[in-house]
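A structural walkthrough
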Amino acid sequence: MAQRPILIAIDGPAGAGKSATAREVAVRLGLPYLDTGAMYRAVALLAARAGLGPELDAAGREAVVGLARRLDVHFAGDPRNQRVAVGGEDVTGALRAPEVSRMASVVSAIPEVRREMVRRQRELAARAGGVVEGRDIGTVVFPDATLKVFLTADPEVRARRRFEELTGHGVAACRESVAAEQRERDLRDSTRPDSPLKPAQGAVIVDSSRLSLPQVVDAVVALLPPTP
Ligand code: DC
């Protein structure tokens, strides 16, 4: 019988360390890495460029759904240096802007947008497997993943990490507004009716508050069931 590819689902709130962990686990195991948040961010970037803001009326929502269905997104490079292109343009940096983060949380609450992204995510990862990070990977996209991890951390730790990440990239940021933006986003992501952020059935909860990145990576890799 053909072996099922290894698929590791890593879900959790913003700033828990999902991206850094997923990238390093992918490198360690030689698996593809899929950042599903970047797909919602790509839709958000196009929506913002089309002049749409976070307060969407019916016509605005419909426009966003159209953008999601036509989205031309490509990932290139190894997990540590992955680049994201939309319509052939490298938007890797632009996707991280705070207004895109906020808009991504808004567009990802639209069920038709989610349906389109989930379909693409299944297509991208089903054949070769991979380390897939997001909010609904273990609950909706790949409920029968080899391993499901819910990565979390104390809110203060998550806010500090996001602040350091932004300032580390040269983005001017205010500590309090980073924390407030994160609270707003987590609340929206975990209370939306369609695919709210929550631990999947069978997910292992890993709290990264007091762990270094290599310790989190070790913890995740150690959770993998032994290969038969
Ligand atoms: O992981 P991230 O910060 O790049 O995600 C951006 C937004 O996209 C986040 O606020 C919630 C949404 N998202 C989602 O709803 N489902 C996913 N699988 C990934 C991200």
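Residues numbered from 1 in each chain as written. Predicted model: local features only at pLDDT ≥ 70, side-chain atom pairs only at ≥ 80, totals over all residues. Heavy atoms only, no water.

Focus on the nonpolar core
Val64, Val113, Met117 and Phe142 are the most contacted members of the largest nonpolar core, which totals 38 residues. Of all elements in the fold, only strand S1 (7–11), helix H2 (36–49), helix H3 (58–70), strand S4 (83–86), helix H4 (98–107), helix H5 (111–126) and helix H6 (137–141) reach the threshold of two or more residues within this core. Per element, the largest residue contribution to this core is eight residues, and it comes from H2. Once you skip the residues sitting within four places of it in the chain, Val113 turns out to touch Tyr40, Val64, Val65, Ala68 and Val107. (Core = buried A, V, L, I, M, F, W, Y, C linked by side-chain atoms within 4.5 Å. Buried < 20%, exposed > 50% of the residue type's maximum accessible area, 1.4 Å probe, protein only. Helix = DSSP H or I, 4+ residues; strand = E, 2+ residues; numbered from the N terminus. Contact = heavy atoms within 4.5 Å.)

What to know about the layout of surface pockets
By volume, the largest pocket is sized at about 1200 Å³. Lining the largest pocket are 48 residues; nearest its centre among them are Ser19, Arg41, Arg96, Arg162 and Glu165. For the lining of the largest pocket, the class distribution of residues is 17 nonpolar, 14 polar and 17 charged. Lining the second largest pocket are 20 residues, and of these Tyr33, Leu34, Phe75, Gln82 and Leu124 lie nearest its centre. If you list the elements that add at least two residues to the lining of the second largest pocket, you get strand S2 (33–35), strand S3 (73–76), H5 and strand S6 (130–134). Ranked by residues supplied to the lining of the second largest pocket, first place goes to S3 with four residues. In terms of residue class, the lining of the second largest pocket is built from 13 nonpolar, five polar and two charged. (1 Å grid on protein atoms, 1.4 Å probe; cavity = no way out; pocket = protein on both sides within 12 Å on 5 of 7 lines; lining within 4 Å. Points joined across faces, edges and corners; volume = space filled by probe spheres on them. Nonpolar A, V, L, I, M, F, W, Y, C, P; charged D, E, K, R; others polar.)

Geometry only, nothing functional implied.
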